[in-house]
Amino acid sequence: MRRQSFTDDTVDYAAVGATQAHDLMQYPPEKSLPAEDAWRIGSGEERFTAASEQLLAWGPLRGGDLRISDVRPAGGPGYTGVAFDADGAPVAPSRLDADQRFDADGTPFVSAGAGVRLHGRVDGHRADAELRVISVIEEPRRVGYILGTVGHSLVSGEELFVLEWRDNDEVWFIVRAFDRPTAPTYRLFKSRVRRRRRALFTRYLRAISPLYAS
């Protein structure tokens, strides 16, 4: 198992790692709107491996009208930061070294502490944001990471992307998030935040699952 984590004071919210809390939907961070969904995207080791590679190559942020730029891996051989156990509780900091990987077009894979800029539109509104990778999980049957907002977004908050290859051989894609509106229109009309989140979840699923049809 390799579990990497990184956090510093550049994220623009306080509840770092809250997307791993089991009671997120009942008790989200203050003034935030929680969301979660899960989809079965196939079965077997081959499906899990292929989806994992796509996930770690920023797949959710590269689907539809979304694109990324300025991927900045964290400097240095390794980072000390907050880590989380299987229940989402913080554990003692650890220092882990990992080789940086790249996709076919030379973009660095997701890594703890990396920064990235998101561009595009969702539900008719801009989706530009600066994001930081808070935590990365690479286990034999579970792969995922947490993204937190740094700034320039219509909302402030966090997203957790996880792929699970379960004991019954099914592969599941799970997304959890919380959004605190920052743009004036989103603060006044929270239904827009929920609609934006549903549109994002749909895009994420389409990016990870080629079989997604509706």
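Before any of the text, the structure's been laid out above.
Colleague: Kindly report on the overall build of the protein chain, identifying the contributing residues and their values.
Modeller: Scanning the protein chain from terminus to terminus reveals three helices and 12 strands. In the protein chain, buried positions account for 51% of the 214 residues. Considering only residue pairs separated by 6 or more positions, the protein chain has 65% of its internal contacts joining residues 24 or more positions apart. Here the protein chain displays about 10200 Å² of accessible surface, and carbon together with sulfur accounts for 50% of that area.

Colleague: Go over unusual backbone geometry with me, naming the residues and quoting the values.
Modeller: The backbone phi angle of W58 is positive, close to 65°, even though this residue is not glycine. Inspection of the secondary structure puts W58 in the loop between α1 (45-56) and β3 (67-72). Overall, the relative accessible area of 0% leaves W58 in the buried class. In this structure, D169 is a non-glycine residue whose phi angle is positive, near 80°. Relative to the helices and strands, D169 is located in the loop between β11 (155-165) and β12 (170-181).

So, how was this worked out
- Numbering of residues begins from 1 in every chain and follows the order in which that chain's sequence is written.
- Local features in a predicted model are, by the rule used here, given only for residues with pLDDT of at least 70; side-chain atom pairs are given and counted only at 80 or more, and totals for whole chains, interfaces and linings are based on all residues.
- Water and hydrogen atoms play no part in the side-chain values, which are based on all heavy atoms of the structure.
- Strands here are runs of E lasting at least two residues and helices are runs of H or I lasting at least four, both read from the DSSP assignment and numbered beginning at the N terminus.
- Summary of the burial criterion: residues with accessible area below 20% of their type's maximum are buried, those above 50% are exposed, and those between are partly exposed, where the area comes from a 1.4 Å probe applied to protein chains only.
- Whether two residues touch is decided by their heavy atoms; if any such pair falls within 4.5 Å, the residues are in contact.
- Working definition of accessibility: Shrake-Rupley area with a 1.4 Å probe, residue cover restricted to the visible protein chains.

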